[in-house]
Amino acid sequence: MSNMNKTIDVIMPNYNKSKFISEAIDSVINQSYKNWKLYIIDDNSKDSSKKILKKYIKNKKIKILFLKKNSGPGYCRNLGLNKSNSRLVAFLDSDDYWKKNKLASQIKFMQKNK
């Protein structure tokens, strides 16, 4: 199977980034490469992040985990890796965003360079 048909699991830790998280999530949703699954791990945010994240719960391509205690971004990334079923993984911080062709470019690069 070529990489162009494989699912990329995107792992996004979040802690108190309500100001940015919608733009980060939307940048994944709007990717030109559509075969992805997004794992968001909320690290017990105290701001309005949880309220914002709940707007995305019905999206079948997005899995949101709410931690009961703050454990740090490394823990969140590792938890996301443990939940992932894909050989292809990308990380996105919740206060960042991707350009529309980021995943497609990444796949193309991996195919070219094996």
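Just above, that's the structure.
Every value quoted in this text rests on a predicted model; they were computed, and no experiment measured them.

A. Structural detail: the layout of surface pockets. What the largest pocket holds in volume is close to 170 Å³. What lines the largest pocket is a set of 14 residues, and nearest its centre among them are Pro13, Asn14, Tyr15, Pro73 and Ser94. Mapped by element, the contributors of at least two residues to the lining of the largest pocket are strand 1 (8-14) and helix 3 (73-83). No other element matches helix 3, which puts three residues into the lining of the largest pocket. For the lining of the largest pocket, the residue count by class is five nonpolar, four polar and five charged.

B. Summary view of the sheet that holds strand 1. Across the sheet, four strands lie side by side as 3-2-1-4; this open sheet has parallel pairing. Two strands close off the open sheet at either side, each with one partner strand: strand 3 (62-66) and strand 4 (88-91). Ignoring strand direction, the axes of neighbouring strands in this sheet form an average angle of 20°. Bridge count for strand 1 against strand 2 (residues 36-42) is seven bridges, and the pairing is parallel. Its bridge partner lying in strand 2, Val10 is registered against Leu38. Across the sheet, helix 3 touches strand 1, strand 2, strand 3 and strand 4, and the angle it forms with strand 1 is around 155°.

C. Molecular detail of the pattern of salt bridges. Enumeration according to the criterion identifies two salt bridges in this entry. Where Asp95 meets Lys17, a salt bridge forms, and the shortest distance between an N and an O atom there is 3.9 Å. Of this pair, Asp95 sits in the loop between strand 4 and helix 4 (102-113) while Lys17 sits in the loop between strand 1 and helix 1 (21-29), and the two are 78 residues apart along the sequence. For Asp95, a relative accessible area of 39% puts it in the partly exposed group. On the accessibility criterion, Lys17 (28% relative accessible area) is partly exposed. Where Arg77 meets Asp93, a salt bridge forms, and the shortest distance between an N and an O atom there is 2.8 Å. Of this pair, Arg77 sits in helix 3 while Asp93 sits in the loop between strand 4 and helix 4, placing them 16 residues apart in sequence.

The rules we used
Here, residues in each chain are numbered from 1, in the same order as that chain's written sequence. With pLDDT at 70 or above as the cut-off, local features in this predicted model cover only qualifying residues; side-chain atom pairs require 80 or more to be listed or tallied, and sums for whole chains, interfaces and linings still use all residues. Hydrogens and water are ignored here; the side-chain numbers use all heavy atoms of the structure. Think of a 1 Å grid over the protein atoms and nothing else: a 1.4 Å probe that fits but is trapped marks a cavity, an open set flanked by protein within 12 Å on at least five of seven lines marks a pocket, and residues with an atom within 4 Å of a point count as lining. Grid points are joined across faces, edges and corners, and a volume is the space filled by probe spheres set on the points. Each helix corresponds to a stretch of at least 4 residues labelled H or I by DSSP, and each strand to a stretch of at least 2 residues labelled E; elements are numbered beginning at the N terminus. Classes in brief: Ala, Val, Leu, Ile, Met, Phe, Trp, Tyr, Cys and Pro nonpolar; Asp, Glu, Lys and Arg charged; the others, Gly included, polar. In short, DSSP must find at least two bridges between two strands for them to pair. Throughout, an axis means a line fitted to C-alpha atoms (over the contacting stretch in the case of helices), and angles, computed between N-to-C directions, take values from 0 to 180 degrees. Here, residues are in contact when the closest pair of their heavy atoms is within 4.5 Å. One speaks of a salt bridge when a side-chain nitrogen belonging to Lys or Arg is within 4 Å of a carboxyl oxygen belonging to Asp or Glu. Buried residues are those whose accessible area, probed at 1.4 Å on protein chains only, stays under 20% of the maximum for their type, while exposed residues exceed 50% and partly exposed ones sit between those limits.

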